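Observations on the three-dimensional arrangement
So you can see what is in the structure, the chains are spelled out below.
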Number of protein chains: 2
Amino acid sequence: MKIIVVGGVAAGASAAVRARRMNDSAEIKIFEAGPYVSFANCGLPYYVGGEIKKRENLLLVSPELFRGRFHIDVKLNHRVAAIDRKRKAITVEAGGERFEENYDKLILAPGCEPLIPPIKGARLGNVSTVFTIDDVDRIMEALDEGVKSAVVIGGGFIGLETAEGLNKRGISTVVAEMQNQLMTIFDPEFSIPMEKHLNAAGIGIRLGVKIREICGEEKVRSVELDSGEVLPADLVIVSAGIRPRTELAENAGLRIGITGGIVVDERMQTSDPDIFAAGDATESWHRVSGAKVRLALASNANRQGRVAGDNAAGGSLRYQGSVATSVIRLHDLTAARTGLSESEAKAAGIDCCRVYIPEADHASYYPGSSIMILKVIWEKKSGKILGAQAVGKQGVDKRIDVLATAIYAGLKVTDLENLDLAYSPPYSSAKGPEIMAGMAASNVFRGEERVVTPFELESFLKENDAEVIDIRTRGEWDAGHIPGARHIVMEELRKNPGLLDPGKKYVVCCGVGKRAHTTCRFLLQNGLDVRNLTGGWKAFNMDV
Amino acid sequence: MKIIVVGGVAAGASAAVRARRMNDSAEIKIFEAGPYVSFANCGLPYYVGGEIKKRENLLLVSPELFRGRFHIDVKLNHRVAAIDRKRKAITVEAGGERFEENYDKLILAPGCEPLIPPIKGARLGNVSTVFTIDDVDRIMEALDEGVKSAVVIGGGFIGLETAEGLNKRGISTVVAEMQNQLMTIFDPEFSIPMEKHLNAAGIGIRLGVKIREICGEEKVRSVELDSGEVLPADLVIVSAGIRPRTELAENAGLRIGITGGIVVDERMQTSDPDIFAAGDATESWHRVSGAKVRLALASNANRQGRVAGDNAAGGSLRYQGSVATSVIRLHDLTAARTGLSESEAKAAGIDCCRVYIPEADHASYYPGSSIMILKVIWEKKSGKILGAQAVGKQGVDKRIDVLATAIYAGLKVTDLENLDLAYSPPYSSAKGPEIMAGMAASNVFRGEERVVTPFELESFLKENDAEVIDIRTRGEWDAGHIPGARHIVMEELRKNPGLLDPGKKYVVCCGVGKRAHTTCRFLLQNGLDVRNLTGGWKAFNMDV
């Protein structure tokens, strides 16, 4: 039995070691096109930023380790050029030579590569992606020579993480993003706090812009936007998307899916039973929507690799799909998401509902708490949790992992309100943000109240000739309120519901949606047509 | 409709406001025996410790707020002395007077009270529980007068949290615990790192001791243990357990359960359909074992109160049971648990298995990571996750909340290995501790390897005439190893499995259990009878 693995980073390395554990007598070889095996690719932006200080920390695993501990043969700088499926052999190129190698089972883990948009100047010196060790070596060299200003093209994971790192090094940094929001895997409103905090840290943000030209002679000197703005730049980071490396699979006639990834089943088997595939180049499925997805997430790549290696070696593990959980640190902020976004759910034709919960990460009477905003999205009819997003300074990753687990398990919002989570004042509240979200969502699901989101408020008011009633205290109102809102303090309104017109529609607004919930329940039972502005003034401003 | 709530802290306050939201026309009254409503009882130890600086931070809610926002009438210092179920009336004592008050629905949320063990001197000055605002007022007065040394009787939540606080104030503090471990809701081995870290912080620990006498004239001066040791003490904190306040219910003939709590169904209805109960004084059920339990956890009290209030007001919420999740901070350490402990599972007659996973809280190549030890317990036959415990400096509460959610949902270890959680180097690893635990547990569940825990090792070796093979590097071995173990470096053993005897049983030990897993898989396939020492040298020492 001979197992060949193509690609030796996350998915490939996981596949090879799982295959070894399952089959000790197999011959196992990894062919890696690059010069390193299983390097810390998610750490690259933090190395550029200087938080990871030593280059060798990115290279924790060596071919010698694979040999000594796993009896796996790792060939670096070996590019697999072709697969002959009939003869079960691959063609390998290395050091200017070509040779053939046969296989019993083949595992493809080629990963993806950065997209370089067709911009003039994209090949100038000091224009780089942050994708390989070579990339960061080149960037570090540029930094050593002195970089005063940088432009990052693309406001996704790698772009923002790198922008943060450059900013921390004291480099004047601007992020230019083609879309009208940062981090498009989030719903658009989550871009607001991201922009605010990055701006506050001194990072410039340009949204909805295209790059006209990257300018310079040998090295880049500036970047010109389609708006005409010219941004000075001694360094340009291109993080404008990725594409899966599927040429090898395509040329071999393996099935490629609608997302552009290599089609695999739950065993990670391709359309050829002797060929498996795993990682960023594969098309897997979303556990919530069932839709085909192609994800470039290290966590998925590792799990998929393990399943591919297991099955290639004769095992029977099954990949369980992804709920697309991810997290990003943005200066002092954490943003995380799981499942479907509201935009994704709507695009998939799912009738969904959502609440926003601004809530402290731990008991507010214990020092050091800070507010996060948690959004939970569920299927209107069934109550099944579809997705969640959160942003804040502390405890965001914890809440999203809880939601990711709930979504994996197919729980409903009426389960979320009943979760039994760890409480002690330094860690959470007796009813933490997830529980509060579960309660608020369940209240809506059970028909106890209706909500309007801050982001549909304007159109709701127009369409319904409705009015916003702000029930907060005088001090809160004076500090800022929704334009056009009417101020009636909660206690006053409770005494005198006659202040409202039974023939009219109202949206009740408070600080975070709690007082408004109590007030809506009271008003509803008094025959008034009211809705809660979910998340209140906090969510209206996405203020964390 | 008139709803009376007895008790106005966590469960009672939650019940009253939920009842109000569900029924706006009901008359709702809270009778609270103490002088405060809904105070921050979980914050008391942190106020004693000086972390919560202002007394008013413990008292965020007032009767005026209940009146103004909820039209709920809160009567403080009103003790409910009797229930006349036939006439649906209660007798209330206040200010030396007695009066009757009728009800349509009654909600009992009397909570619990501290047990004062029958020790000589327990009524001396400067001997106090940490249970009420009055308690901490008295303790703060003592601290103002100057306290040099303190003894805390009882090594549970309140005892340890208070000991930490006193220690932070520079007071020489000793914890005296009757059992042979701290925090008996954890399995005994988790006491090891707790003791170590509290000791390192300067807190003395005495386990398996009884108090012979609390000595002093007017005020305490010392505490004498049954060992003869005399501990100086200007202050004694008694946190030796609690008992539910059930007299009122008992005297009214309501059913009391085997745990000593008031029996309720999933609507939180007692044996009288017009009387509901919630919080620490009730007997609810464990969602995993189905067993009757009485829990004193604020999170449960809040949820139960909400269900009781809902049903009393005509709603239909159902309590979903508890998985008994809790967390404690101990100096620089966090310890948390959920579900059943191994001891509890065994006591319940469940055939269970478990793994220990020492794993960094985030990618170890990113600065600032630290190792936690996560224990996961599952039902041997089904793979259903029964419980989890973890201890470490960072990220412990997150992992236990993920496990608590998985356990609530009835997930199996084979689900745990497939969870899709948020990964980015500052937050977790591509395969974080929960996923690693899921993989390790699933490997055992599927029969791919067998494990021995560090805490059954001695008896296993004896009973099986087995030998420990330590496969770590020379340097690791030299830094410390299991007495009697034999050292064969992993790479050597892989080259020469003949070093082991096919007729003998072995336990393979590495640093955390990963290299040993690979080695066990290799040796098993070479016909050797081997087991993995789960958690390796780290778990052997419970070293976090």
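This brings us to the packing of helix α1 (residues 10–22) of chain A against helix α8 (residues 298–312) of chain A. All names here are of chain A. The interhelical angle for the contact between α1 and α8, taken along N-to-C directions, is 35 degrees, at an axis separation of 7 Å. Regarding α1 and α8, the two cross each other, and that crossing is right-handed. Judged by residue contacts, A10, A11, S14, A15, R18, A19 and M22 of α1 engage A301, N302, G305, R306, G309 and D310 from α8. For the contact of α1 with α8, the per-class residue count stands at six nonpolar, four polar and three charged.

With that settled, consider the confidence of the model for chain A. Parts of the model with low pLDDT should not have their predicted coordinates read in detail. Averaged over all residues, the pLDDT of chain A is 97; the fraction at 70 or higher stands at 100%. Of the two predicted TM-score estimates for the complex, the pTM is 0.98 and the ipTM is 0.97.

Here we come to the sheet that holds strand β22 (residues 326–330) of chain B. Residue and element names in this part refer to chain B. Strand order across the open sheet formed by five strands is β22-β23-β26-β25-β24, with antiparallel pairing between neighbours. One side of each edge strand has no neighbouring strand; the edge strands of this open sheet are β22 and β24 (352–360). Within the sheet, the average angular offset between the axes of one strand and its neighbour, ignoring direction, is 10 degrees. Bridge count between strand β25 (residues 371–379) and strand β26 (residues 385–392): six bridges; the pairing is antiparallel. Across the sheet, I373 pairs through a bridge with V391, a residue of β26. Here helix α12 (residues 433–445) sits on the sheet and contacts β24 and β25; the angle it forms with β24, its principal contact strand, is near 145 degrees.

The subject of this paragraph is the environment of B:M268. Residue and element names in this part refer to chain B. Within the secondary structure, M268 is located in the loop between β18 (262–263) and β19 (275–277). Taking the relative accessible area as the measure of exposure, M268 reaches 0% and is therefore buried. Through-space distance from the C-alpha of M268 to that of A312 is 9.1 Å; in sequence the pair is 44 residues apart. Leave out the neighbours within four places in its chain, and M268 touches F276, A277, A278, T282, Q304, V307, A308 and Y319.

Let's shift gears to the packing of aromatic side chains. The full count for this structure, using the stated rule, is 14 aromatic pairs over all chains. On the numbers, 5.2 Å between centres and 80 degrees between planes, the contact of A:Y46 with B:Y366 is edge-to-face. Separated into two different chains, A:Y46 in helix α2 (residues 44–48) and B:Y366 in the loop between β24 and β25 make up a pair that spans both. B:Y366 shares its class with A:Y46; the two are buried. Ring centres 5.3 Å apart and planes at 80 degrees place the aromatic pair B:W285 and B:Y319 in the edge-to-face group. Of the two residues, B:W285 is situated in strand β20 (residues 282–285) and B:Y319 in the loop between α8 (298–312) and β22; the sequence distance between them amounts to 34 residues. On the basis of relative accessible area, B:Y319 is assigned to the buried category, the value being 1%. Here B:R287 stacks its cationic end above the ring of B:Y408, 3.7 Å away from the centre of that ring. One cation-aromatic arrangement involves B:R494 over B:F522; the distance from NZ or CZ to the ring centre is 4.4 Å.

Turning our eyes to something else, we now look at the side chain of B:D274. Residue and element names in this part refer to chain B. With respect to the helices and strands, D274 occurs in the loop between β18 and β19. A polar side-chain atom of D274 sits 2.7 Å from a polar atom in the side chain of K105. The residues touching D274, leaving out its near neighbours within four places in the chain, are K88, Y103, D104, K105 and L106.

Between side chains of opposite charge, a pair can form when the charged atoms approach closely. All names here are of chain B. Overall, the coordinates contain 111 salt bridges over all chains when judged by the stated rule. Two residues, E164 and R329, come together in a salt bridge whose shortest N-O distance is 3.1 Å. Remark: R329 occurs in strand β22 and E164 occurs in helix α5 (residues 157–168); sequence separation between them is 165 residues. Take E164 and R329: they sit in the same class, and that class is buried. Salt-bridge contacts for R515 lead to E476; the nearest nitrogen and oxygen are separated by 2.9 Å. One end of the pair, R515, is in helix α16 (residues 514–525); the other, E476, is in helix α14 (residues 474–478), with 39 residues separating them in the sequence.

Bringing the sheet that holds strand β2 (residues 27–31) of chain A into the picture now. Residues and elements named next belong to chain A. Spatially, β3-β2-β1-β7-β19 is the arrangement adopted by the five strands of the open sheet, whose pairing is parallel. Each having just a single partner strand, β3 (72–75) and β19 (275–277) make up the two edges of the open sheet. Pairs of neighbouring strands in the sheet enclose a mean axial angle of 20 degrees, with direction left out of account. Across the sheet, α1 is in contact with β1 (2–6), β2, β3 and β7 (105–108); its angle to β2 comes to roughly 175 degrees.

Each side of the interface is counted separately: chain B has 82 residues, and chain A has 82 residues. Roughly 7400 Å² of surface becomes buried between chain B and chain A when both sides are summed, with 55% attributable to carbon and sulfur atoms. Broken down residue by residue, the surface that chain B buries against chain A is led by B:R69, B:Y365 and B:D420, which jointly contribute 11%. The tally of links from chain B across to chain A stands at 14 salt bridges. Between B:D420 and A:R303 there is a salt bridge, and its shortest N-O distance comes to 3.4 Å. Linking chain B with chain A are 50 residue pairs in polar contact (both at pLDDT 80 or more).

Let us look at the relation of the copies chain B and chain A. Mapping chain B onto chain A leaves a residual RMSD of 0.0 Å; the transformation is a rotation of 180 degrees accompanied by 0.0 Å of translation along its axis. Accordingly, the operation relating the two chain copies is best matched by a two-fold axis. Comparing interface residues between copies, 100% of those in chain B also lie at the interface in chain A; the contact surface is shared.

Attention now moves to the packing of helix α16 (residues 514–525) of chain A against helix α1 (residues 10–22) of chain B. Where α16(A) contacts α1(B), the two axes come as close as 8 Å, and the packing angle between them is 40 degrees. Taken together, α16(A) and α1(B) sit at an angle that is classed as oblique. Contact residues: α16(A) offers A:K514, A:H517, A:T518, A:R521 and A:Q525, while α1(B) offers B:R20, B:R21 and B:M22. For the contact of α16(A) with α1(B), the residue count by class is one nonpolar, three polar and four charged.

All names here are of chain A. In terms of burial, β2 is largely enclosed, as four of its five residues are buried. Handedness of the β-α-β unit built from β1, α1 and β2 comes out right-handed. When β2 meets β3, the two strands line up parallel, connected through four bridges. Its bridge partner lying in β3, I28 is registered against I72.

What follows deals with helix α10 (residues 396–408) of chain A. All names here are of chain A. Taking 1.5 Å per residue, 13 residues should reach 18 Å; α10 reaches 18 Å between its end C-alpha atoms and fits that length. In terms of burial, α10 is a largely internal element, 13 of the 13 residues being buried. A positive backbone phi angle near 75 degrees is found at G410, which sits one or two residues after α10.

Our focus in this paragraph is the environment of B:G216. All names here are of chain B. Mapped onto the elements, G216 comes out in strand β13 (residues 211–216). On the basis of relative accessibility, which here comes to 37%, the residue G216 falls in the partly exposed class. Among all residues touching G216, those that are not within four sequence positions of it are L124 and R221.

Ranked by size, the top nonpolar core spans 86 residues in total, and within it A:V376, A:I385, B:V376 and B:I385 carry the most contacts. Those residues in contact with B:V376 that lie beyond four places of it in its chain are B:C353, B:R354, B:V355, B:I385, B:G387, B:A388, B:L403, B:L416 and B:A437. The next biggest cluster of nonpolar side chains, apart from the first, holds 50 residues, and it includes B:A163, B:L166, B:I205 and B:I373.

All right, on to the side chain of A:Q389 then. Residue and element names in this part refer to chain A. Within the secondary structure, Q389 sits in strand β26 (residues 385–392). Q389 gets classed as buried once you look at its relative accessible area, which sits at 0%. One polar contact links the side chain of Q389 to the main-chain amide nitrogen of D187, over a distance of 2.8 Å. For Q389, the contacting residues outside a window of four places in its chain are F186, D187, F190, A336, R337, S341, E342, I373, L374, K375, I377 and I400.

Conventions and cut-offs
Residues numbered from 1 in each chain as written. Chains lettered and ligands numbered in written order. Predicted model: local features only at pLDDT ≥ 70, side-chain atom pairs only at ≥ 80, totals over all residues. Heavy atoms only, no water. Axes fitted to C-alpha atoms, helices over the stretch in contact; angles between N-to-C directions. Helix = DSSP H or I, 4+ residues; strand = E, 2+ residues; numbered from the N terminus. Left-handed = near helix turned anticlockwise from the far one by under 90°. Contact = heavy atoms within 4.5 Å. Nonpolar A, V, L, I, M, F, W, Y, C, P; charged D, E, K, R; others polar. pLDDT = per-residue confidence, 0-100. Pairing = 2+ DSSP bridges. Buried < 20%, exposed > 50% of the residue type's maximum accessible area, 1.4 Å probe, protein only. Phe/Tyr/Trp six-rings, centres within 6.5 Å; stacked < 30°, edge-to-face > 60°. Lys NZ or Arg CZ within 6 Å of the ring centre and 35° of its normal. Polar contact = N/O pair within 3.5 Å; in protein donor to acceptor, adjacent residues only side chain to side chain. Salt bridge = Lys/Arg side-chain N within 4 Å of Asp/Glu carboxyl O. Buried area = accessible area lost by both parts, 1.4 Å probe. Least-squares fit on C-alpha atoms with pLDDT ≥ 70 in both. Parallel < 35°, antiparallel > 145°, perpendicular 65-115°, else oblique. Right-handed = clockwise from strand over helix to strand, strands pointing away. Expected span 1.5 Å × (residues − 1). Core = buried A, V, L, I, M, F, W, Y, C linked by side-chain atoms within 4.5 Å.

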